[in-house]
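This is what each chain is made of:
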Amino acid sequence: MTRFVAERLLQSVILVLIVLTITFFLMHLSPGDPMSRYDDPNISPETVRLIREQLGLDKPVPEQYMRWMASFLRGDFGVSLRFNRPVSSLLAEAIPNTLRLTIAALTLYIVIGVILGLLSAVRRYSLFDRLSTIAALFVYSIPSFWLALMLILLFSLKFEILPSSHMQSMGVSGMGWLARFSDRIAHLVLPAFVLGVASAAGMARYMRGSMLDVLREDYIRTARAKGLSERSVFLKHAFRNAAIPIVTIIGLSLPFLLGGAVIIEKIFSWPGMGALMVDSIFARDYPVVLAVNFVVTVMVILGNLAADIGYALLDPRIASGRKAGK
Amino acid sequence: MDKLLKVENLTTEFLTSEGLARAVDRFSFDIGHGETVGLVGESGCGKSVTALSIMRLVSDPPGRISGGSIFLEGKDLLSLTEKEMRKIRGNEIAIVFQEPLSSLNPVFTCGEQIREAIALHQKMGRKQSREKAVEMLRLVKIPDPGNRYFSYPHQMSGGMRQRVMIAMALSCQPKLLIADEPSTALDVSVQSQIMELLSDLRDAMSMSILLITHDLSVVAQMAERVIIMYAGTAVEEASVKEIFSDPGHPYTEGLLASIPRLNARVERLSVIPGNVPDPLNLPSGCRFSDRCPKREERCFAKEPPMFVAGKGHFVRCWLSEGQER
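In this report, we go over the structure that sits alongside the text. (Residues numbered from 1 in each chain as written. Chains lettered and ligands numbered in written order. Predicted model: local features only at pLDDT ≥ 70, side-chain atom pairs only at ≥ 80, totals over all residues. Heavy atoms only, no water.)

Attention shifts here to the overall build of chain B. Within chain B, the secondary structure is distributed over 12 helices and 12 strands. The C-alpha atoms of chain B give 21 Å as radius of gyration, which agrees with the globular expectation for 325 residues (20 Å, within 12%). Considering only C-alpha atoms, chain B reaches an extent of 65 × 50 × 45 Å along its principal axes. In chain B, of all internal contacts separated by at least 6 residues, the share reaching a separation of at least 24 is 61%. Roughly 14500 Å² of accessible area belongs to chain B as shown, and the carbon and sulfur atoms make up 50% of that amount. (Helix = DSSP H or I, 4+ residues; strand = E, 2+ residues; numbered from the N terminus. Rg over C-alpha atoms; globule rule 2.2 N^0.38 Å. Contact = heavy atoms within 4.5 Å. Areas by Shrake-Rupley, 256 points an atom, 1.4 Å probe, with all protein chains shown as cover.)

What follows is the structure in structure tokens.
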């Protein structure tokens, strides 16, 4: 297992470098110029030229790439062209915020998806199963940005029970920890729900299908023939087998979750990496875009690695298959 | 004498897209204490459905036991609640299935799968039930049982897996073991080892066995009595000796003629022409009439009852007409 993880990490390093290289050149190929913010009659062209020289943007693109890569490999993400602050300090603020949102969404996604899927499979063709099938299809087909806007309209504007933007209310720092905590949770509810629930609908369908497949297996009949209760048959014998493909699906859904966060963060003014990414792209703030891209790539790779490890832990055939092959 | 298991007019139906198929049709038989009964027939004749019906494991839908009764020591299994039935399954009646790989759960160790049944029915703790499971592995002659306890099904050979299935089935000393083609999926050399193991354990544990097979030679080796099943019901029942020496039903004769023999030189093995009839579309009269080499006019008119052909020998054929069972 250690060797497997080490191999995968080594492959990942190469993958990260390729992704960053492609991003770098794509950014420079696309129209626009970070200097366009200085298009101001009060700033002389001479000043703009100086700034450009200072930032190294007057050099040919391959040279800029080599310079950027050299400092990146030394662990230096450079300075934001827009804020004139180290990129690392921007990331240090944004990463925890995005993690808070995506972890909340991921939890909703897994818990709602798995529970609905299991219940549907256990009560197959019941009213509950039919309703949840329709609901899943409905939610799955809704564009998340539209759902976000509708929920803001309903819960923030009409009923005024949930905040529509930011991570916390103004002036919250003077309150006790419990008030601060519930304020944070209230701000988290809508964005996490929008981000998690659409994927949960898909997850419920996968879980149901996987469970129904497993319930047709001979070993389920064996478990029943032993005299086990339906509860043990479902939760012990069937669920563990049905969960194996689900772990892979969770791993594969991470990019979508992080990608979805970009839009959701913008809508809810959530100060995370998604919002930072979008604003930086518009401003052609190259170092920030590259750094955010790096972090997202690493998160996706680690997520997939975790899924593969989980897969091997759940299915003894995988782990020993590798042992036998080596 | 009181029988261990008494099945009367068992009828099990399946709802298919073309209609209601009767897989088992008014099938009656019994098994005595310590007795081994062979249930023989072609694929699709209802043997396995009979086994699942006794365990009340026919999947519903699409299947359903629609009539008859099953008595285990006088207790009607079909009238028990699901909870009461769970105390019977794996405890008083256990089953060994045909396909040992797919019948074992791939994500649990073999030992755990045996231990689970012991802990459930014998109210033992984890440590005690684990010791008992290792003991069972030793009983079915798995080498190094202490370590094999932790093996997963895919790490074992076919014969070993079937031994695990047998250990699991016997772990609570059932009164009746249903062995549903226990050796069919295995290599020939392993087949006889498994049958030998079963017959040793039967003698040691004094249990009854319902041995389901399509192989008459397996029956000859192990059983005392044979029931020949055709299209969902019994067509002949006799002691093993009589089935081989004096078969009464043309179908039984056909089955015997299709066994290759070393001492007889034949150009070609005889086969029974045709196939098992579609349960949705049984021939009128005798259900074997469309394939029977000895059929007569009356065979198409009315289905024969079981006639007595000798002591403990019953035949469902007009040719054996006489006293009805």
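So, about the sheet that holds strand 7 (residues 176-180) of chain B. Residue and element names in this part refer to chain B. The 8 strands are arranged 6-7-8-3-9-10-12-11 in an open sheet whose pairing can be described as mixed. Every other strand in the sheet has two partners, leaving strand 6 (93-96) and strand 11 (307-310) as the edge strands with one partner each. Within this sheet the neighbouring strands show an average axis-to-axis angle of 25°, counted without direction. When strand 10 (residues 233-239) meets strand 12 (residues 313-315), the two strands line up antiparallel, connected through 2 bridges. For Glu-237, the partnering residue across the bridge sits in strand 12 and is Phe-314. Packing against the sheet, helix 1 (residues 47-55) makes contact with strand 3 (36-40), strand 6, strand 7, strand 8 (208-213) and strand 9 (225-230), and its axis sits at approximately 145° to strand 6. Most of the contacts of helix 8 (residues 188-205) go to strand 8, to which it runs at about 160°, and overall it touches strand 3, strand 7 and strand 8. (Pairing = 2+ DSSP bridges. Axes fitted to C-alpha atoms, helices over the stretch in contact; angles between N-to-C directions.)

Below, the discussion takes up the packing of aromatic side chains. Per the counting criterion, the structure on display carries 15 aromatic pairs over all chains. For the pair Tyr-149 of chain B and Phe-150 of chain B, a centre-to-centre distance of 5.1 Å together with 70° between the ring planes defines the contact as edge-to-face. Judged by centre distance (5.1 Å) and plane angle (80°), the rings of Tyr-230 of chain B and Phe-288 of chain B are edge-to-face. Placement of Tyr-230 of chain B in strand 9 and of Phe-288 of chain B in the loop between helix 11 (250-257) and helix 12 (297-301) is noted, with a sequence separation of 58 residues between them. Residue class for Tyr-230 of chain B comes out buried when judged on its relative accessible area of 0%. Members of the aromatic cluster, connected to one another through ring pairs, are Phe-24, Phe-25, Tyr-65, Trp-68, Phe-72, Phe-77 and Phe-294 of chain A. A cation sits over an aromatic face here: Lys-236 of chain A above Phe-108 of chain B, 5.2 Å from the ring centre. Here the guanidinium or amino end of Arg-240 of chain A rests over the ring plane of Phe-108 of chain B, the centre of that ring lying 5.5 Å away. (Phe/Tyr/Trp six-rings, centres within 6.5 Å; stacked < 30°, edge-to-face > 60°. Buried < 20%, exposed > 50% of the residue type's maximum accessible area, 1.4 Å probe, protein only. Lys NZ or Arg CZ within 6 Å of the ring centre and 35° of its normal.)

As far as function goes, none of this settles anything; it's purely spatial.
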